[in-house]
Amino acid sequence: MAEGALLSIEHLTTVFDTSKGSVAAVDDISFEIRSGETLGVVGESGSGKSVTALSIMRLVQPPGRIAAGRIMFKDRDLLTLDERAMQRVRGAEIGLIFQEPMTALNPVFRVGDQIAETLLVHGRATRREARANAIELLRAVRITNPESRIDDYPHQLSGGMRQRVLIAMAIACQPALVIADEPTTALDVTIQAEILDLLRDMKAALGLSLLLITHDLGVIAETADRVAVMYAGRIVETGPVREIFRSPAHPYTRGLLASMPGGRPGQRLRAIEGSVPMLGDLPPGCAFNPRCPDRFEPCTTAPPPDYPAGVAHSARCYLHAAR
Amino acid sequence: MPLVEVSHLVKHFTRDAGLFRAGTRVAAVNDVSFSIDEGETFGLVGESGSGKTTTGRCLLRLVEPSSGTVTFRGEDVLGFSNKRMREARRDMQIVFQDPYSSLNPRMRARDIVEEPLIIHKLGARAEREARVAELFGLVGLNPAHLDRYPHQFSGGQRQRIGLARALALNPSFMILDEPVSALDVSVQAQVVNLLMDLQAQLHLTYLFIAHDLRLVEHICSRTAVMFLGKIVEMGPTAALFAAPQHPYTRALLSAIPVADPDAPRQRVVLDPTSVNRDAGLREISAGHWAAV
């Protein structure tokens, strides 16, 4: 595990067993998150970004299973922990924020009790302290009138406020790492902006690391320090956020950036042809090759290894093989 | 003469009184007026609950407006009989957001596209089949896939099927309600290009309902911003994006995440007290109106 890394994923493979054999939703990925940094993971449906998050938390449900790899968190391999030890990690050392705050909250319990529960389960507060702490947490995530909101049920809160409650729960035990899986996708754009600001401020105030998973390159540009781009279960490019946006190395990343609306209004957009492949039906070689404008002979033979593409910047693409 | 003219459109939704609560009436659309010229793409933007989707549905009377008028080619749509409305819908079509739930999973793609022709009793069987094949080509679907079912298509292809169906009756006006927001990012641009191509080729007029402001800026000639059931600002898209006048428009535009890590971020937070809810629209510059 590299110096300064809080979390280090090594050759993680998570498969889903189907009647037609097992399919790798996450295929031999490696990355790390350093203390205090935000790593943005960007990908489309089926890219494996959410399965990566679930794998780290060991929440992959059958028929899915982690087939190989190591998940080093603070010098421990999470994959070797027993379930009890893992429960102590979840919520206490690694916080998790899901996309849909309505389903992540229990509709029949008051939000204050749900926050308090997190503290009680991990022995971070007595029952008496927990309520006061929950109010402070709601205040920290900028919910006005926390003293009365604490007794609300989830349905009494707006989508943005529910997401704030989830953030409060995720940071309640002062975890070292928070994983946020599409935390703003279900929200309106003005609320999204508030939540992203809040996440940034929380991260700075608490000195935590953030793994932010999204499909939105705009959200990545505004939030991440480093970026991992996923496609069909693999990380195809990693690099500092500026490098990714200024000099993207993988044709998929280039295509994504080029296809965004911009330029002269009314002009045709530069679309990526084709569609995202089904995981059980990946093309041979590089999974992106049928859609790639730069495809050449080696691309269809074997999946490309990771090649350096700049400072702390690499891409799984044969275009960079000569460097 | 504009193709579509909406004036003082109002839609109330009522919630009946319950055991412990009084009945309430909510104006989802509250005195909305705009017009759409032939051949243009008119953008209607706003956040959830702003009334943009309800407005679109009122135009086709998929939701019956409470009051106001809607004219199409100068004719009063809200005064149409059911029979006349059915005819009018040949000319006015809607494409929905979710290509997963808006297509009948038990029908083959060819039947989905052919159905409007059968409902409107257009053409003999052979003619309809030819038309379906033609529509498949028009939206860029492979004619070899005519007999497939919706689940055998990707999201982008399903949205193409939805478009082919909407185009079957040769409409001149289409309401596009978040047509690409359920699609993968890498596929959105393909469908946007297709929409622009179809518009040029078939001289279509679009009402484009969306929350993605980057996309609206790119494809709409004029844009109206809805907030709490009202249009608070409307104008040529370039003018509106360059110099937003209403506090809500300013907050909305400043909230768009920019795909550039070095872009300066100047978030404008909406101060509710800065919104004069009673202000009517007034013309700021040519064709640019704001409720300030």
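Check the entry above for the structure.
Residues numbered from 1 in each chain as written. Chains lettered and ligands numbered in written order. Predicted model: local features only at pLDDT ≥ 70, side-chain atom pairs only at ≥ 80, totals over all residues. Heavy atoms only, no water.

Draft legend 1. Just the overall build of chain B, in detail. A tally of regular secondary structure across chain B gives nine helices and twelve strands. Rg of the C-alpha trace for chain B: 20 Å, near the compact-globule value of 19 Å for 292 residues, within the 12% margin. Once the C-alpha set of chain B is aligned to its principal axes, its extents read approximately 60 × 50 × 45 Å. A total of 292 residues make up chain B; the buried ones form 52% of that total. Counting contacts in chain B only where the partners sit at least 6 residues apart, residues at least 24 apart contribute 66% of the total. Split by element, the accessible area of chain B, about 13,200 Å² in all, is 50% carbon and sulfur. Positive and negative side-chain charges of chain B, numbering 32 and 32 respectively, have mean locations separated by a distance of 6 Å. (Helix = DSSP H or I, 4+ residues; strand = E, 2+ residues; numbered from the N terminus. Rg over C-alpha atoms; globule rule 2.2 N^0.38 Å. Buried < 20%, exposed > 50% of the residue type's maximum accessible area, 1.4 Å probe, protein only. Contact = heavy atoms within 4.5 Å. Areas by Shrake-Rupley, 256 points an atom, 1.4 Å probe, with all protein chains shown as cover. Lys, Arg positive; Asp, Glu negative; His and termini not counted. Charge placed at Lys NZ, Arg CZ, Asp CG, Glu CD.)

Draft legend 2. Quick look at the overall build of chain A. A count of helices and strands for chain A gives eleven helices and twelve strands. Once the C-alpha set of chain A is aligned to its principal axes, its extents read approximately 65 × 50 × 40 Å. Here chain A holds 323 residues, and the buried ones make up 56% of them. In chain A, the share of contacts with a sequence separation of at least 24, taken over all contacts with a separation of at least 6, comes to 63%. Within the structure as shown, chain A displays about 13,900 Å² of accessible surface, and the carbon and sulfur contribution to it stands at 52%. Computed over 35 positive and 37 negative side-chain charges, the inter-centroid distance for chain A is 1 Å.

Draft legend 3. Representation of the nonpolar core within the structure. All names here are of chain B. Membership of the largest hydrophobic core comes to 56 residues, with the highest contact counts inside it found for Ile161, Leu163, Met174, Phe208 and Leu213. When residues of this core are assigned to their parent elements, the largest contribution, seven residues, is made by helix α6 (residues 185-202). With near-sequence residues (within four places) excluded, Met174 lies in contact with Gln93, Val95, Leu163, Ala166, Leu167, Leu204, Thr205, Tyr206 and Leu207. (Core = buried A, V, L, I, M, F, W, Y, C linked by side-chain atoms within 4.5 Å.)

Draft legend 4. Region of interest: the pattern of salt bridges. In the structure shown here, the tally under the stated rule is 42 salt bridges over all chains. A salt bridge links Lys49 of chain A to Glu182 of chain A; its shortest N-O distance comes to 3.7 Å. Here the residue Lys49 of chain A occupies a position in helix α1 (residues 49-56), and Glu182 of chain A occupies one in the loop between β7 (177-181) and α8 (189-206), the gap between them amounting to 133 residues. Given the relative accessible area of 7%, Glu182 of chain A is considered buried. Between Arg125 of chain B and Glu129 of chain B there is a salt bridge, with its nearest N and O atoms 3.8 Å apart. Separated by four residues within a single helix, Arg125 of chain B and Glu129 of chain B lie in helix α4 (residues 125-138), roughly one turn from each other. Look at Arg125 of chain B and you get exposed, because its relative accessible area is 61%. (Salt bridge = Lys/Arg side-chain N within 4 Å of Asp/Glu carboxyl O.)

Draft legend 5. View of the interface of chain A and chain B. Counting residues at the interface gives 39 residues for chain A, matched by 30 residues for chain B. Both sides of the chain A and chain B interface together cover about 3,000 Å² of buried area, and 53% of this is carbon and sulfur. Our enumeration of links across chain A and chain B arrives at seven salt bridges. Here Arg246 of chain A ties to Asp260 of chain B by a salt bridge, and the two come within 2.9 Å at their closest N and O atoms. (Buried area = accessible area lost by both parts, 1.4 Å probe.)

Draft legend 6. Summary view of the sheet that holds strand β9 (residues 222-227) of chain B. All names here are of chain B. With mixed pairing, eight strands are arranged side by side in an open sheet as β6-β7-β8-β3-β9-β10-β12-β11. Looking at strand neighbours, the two that pair on one side only are β6 (92-95) and β11 (282-285), the edges of this open sheet. Sheet twist, expressed as the mean angle between neighbouring strand axes with direction ignored, is 20 degrees. Pairing of β11 with strand β12 (residues 288-290), which is carried by three bridges, proceeds in the antiparallel orientation. Within β12, the position partnered with Arg282 by the bridge is Ala290. (Pairing = 2+ DSSP bridges. Axes fitted to C-alpha atoms, helices over the stretch in contact; angles between N-to-C directions.)

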